[in-house]
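Here is how the chains run, residue by residue.
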Amino acid sequence: MNEPTAHTASRTILATPRAIFRILLDGEAMANWRPPADMTARVEHFDPRPGGRYRMVLVYPDGSVSHGKSSEHEDVIDGRFVEIFPDERLVEEVQFESDDPRFQGTMTITTLLVPVRDGTRLTITATNVPPGISESDHRTGMEATLRNLANFVE
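Reference entry: report on the structure contained in this document. (Residues numbered from 1 in each chain as written. Predicted model: local features only at pLDDT ≥ 70, side-chain atom pairs only at ≥ 80, totals over all residues. Heavy atoms only, no water.)

A volume near 880 Å³ is recorded for the largest pocket. Together, 42 residues line the largest pocket, and Pro36, Lys69, Asp137, His138 and Gly141 are the ones closest to its centre. Those elements that provide at least two residues to the lining of the largest pocket are α2 (27–33), β3 (53–59), β4 (74–85), β5 (89–96), β6 (107–116), β7 (119–127) and α3 (135–153). With eight residues, the top contributor of residues to the lining of the largest pocket is α3. Taken together, the residues of the lining of the largest pocket sort by class into 27 nonpolar, nine polar and six charged. (1 Å grid on protein atoms, 1.4 Å probe; cavity = no way out; pocket = protein on both sides within 12 Å on 5 of 7 lines; lining within 4 Å. Points joined across faces, edges and corners; volume = space filled by probe spheres on them. Helix = DSSP H or I, 4+ residues; strand = E, 2+ residues; numbered from the N terminus. Nonpolar A, V, L, I, M, F, W, Y, C, P; charged D, E, K, R; others polar.)

On to the pairing of β6. Relative to β6, β5 runs antiparallel, the two being bridged by six bridges. Among the inter-strand pairings, glutamate 92 is bridged to a residue of β6, identified as isoleucine 109. Bridge analysis of β6 against β7 gives nine bridges, and the strand direction is antiparallel. Paired with proline 115 across the bridge in β7 is threonine 120. The hairpin turn running from β6 into β7, its antiparallel successor, is two residues long. (Pairing = 2+ DSSP bridges.)

As a general point, the strands of a sheet are linked pairwise by backbone hydrogen bonds and lie either parallel or antiparallel. With antiparallel pairing, the seven strands of this open sheet are ordered in space as β1-β7-β6-β5-β4-β3-β2. Every interior strand has two partners, whereas the edge strands, β1 (6–13) and β2 (40–46), have only one. Taking each pair of neighbouring strands and ignoring which way they run, the sheet shows an average axis angle of 25°. Note: β1 against β7, eight bridges, orientation antiparallel. Looking at the pairing, histidine 7 lines up with alanine 126 of β7. Lying over the sheet, helix α1 (residues 17–24) contacts β1, β2, β4, β5, β6 and β7, oriented at roughly 155° with respect to β6. (Axes fitted to C-alpha atoms, helices over the stretch in contact; angles between N-to-C directions. Contact = heavy atoms within 4.5 Å.)

With their axes 11 Å apart at the nearest point, α1 and α3 run at an angle of 115° to one another. It follows from the interaxial angle that α1 and α3 lie roughly perpendicular. Between α1 and α3 lies a crossing whose hand is right-handed. For the pair formed by α1 and α3, the contact residues are Ala19, Ile20, Ile23 and Leu24 on the first element and Leu149, Phe152 and Val153 on the second. Its residues assigned to classes, the contact of α1 with α3 shows seven nonpolar, no polar and no charged. (Parallel < 35°, antiparallel > 145°, perpendicular 65-115°, else oblique. Left-handed = near helix turned anticlockwise from the far one by under 90°.)

This brings us to the pattern of salt bridges. Taken as a whole, this structure holds 13 salt bridges when the rule is applied. Here the residues in one salt-bridge network are Arg42, Glu44, Arg55, Glu74, Asp78 and Glu97, joined through shared partners. (Salt bridge = Lys/Arg side-chain N within 4 Å of Asp/Glu carboxyl O.)

Next up on the list: the side chain of serine 98. Position of serine 98 relative to the elements: it lies in the loop between β5 and β6. With relative accessibility at 12%, the residue serine 98 sits in the buried group. For serine 98, the side chain forms a polar contact with the main-chain nitrogen of aspartate 100, separated by 3.1 Å. (Buried < 20%, exposed > 50% of the residue type's maximum accessible area, 1.4 Å probe, protein only. Polar contact = N/O pair within 3.5 Å; in protein donor to acceptor, adjacent residues only side chain to side chain.)

Turning next to the pairing of β4. For β3 and β4, the ladder comprises seven bridges, and the chain directions are antiparallel. Bridge assignment links valine 59 to a residue of β4, and that residue is glutamate 74. Bridge count for β4 against β5 is eight bridges, and the pairing is antiparallel. Note on β5: the bridge partner recorded for phenylalanine 81 is glutamate 92. As consecutive antiparallel partners, β4 and β5 are separated by three residues, and within that stretch aspartate 87 has a phi angle of approximately 70°, a positive value.

As structure tokens, then:
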């Protein structure tokens, strides 16, 4: 049996776990920090509780040579909050709306927050990553997301 595919990225953010966690559960804020690189996002639904769902559309920039997972210029994500441990851990299950089997399946994203001397060490681990998402591209996207989050909260 194959091991599940996992991708991880970490960053120390100059803020308390509580300040960061509040941002993680704010749908309006998510639209600002979650999109990687030059993408934008709109959050169409957001219910931040265990079992609650959200829907987010990531939009590639105009003029980009994009190959979105849901359409040419968009990635549509349906998410569900699995576990919420305030100021410590957030576990989400996400699926891309896609007709391409390379992007189908349920990916689990676990965000861990650990207090450190200079703030909070935030680690994002994605498991059961669909095979159409390369580790290099995914890590680059997660690092951009962490940078956006740091810029948003610091």
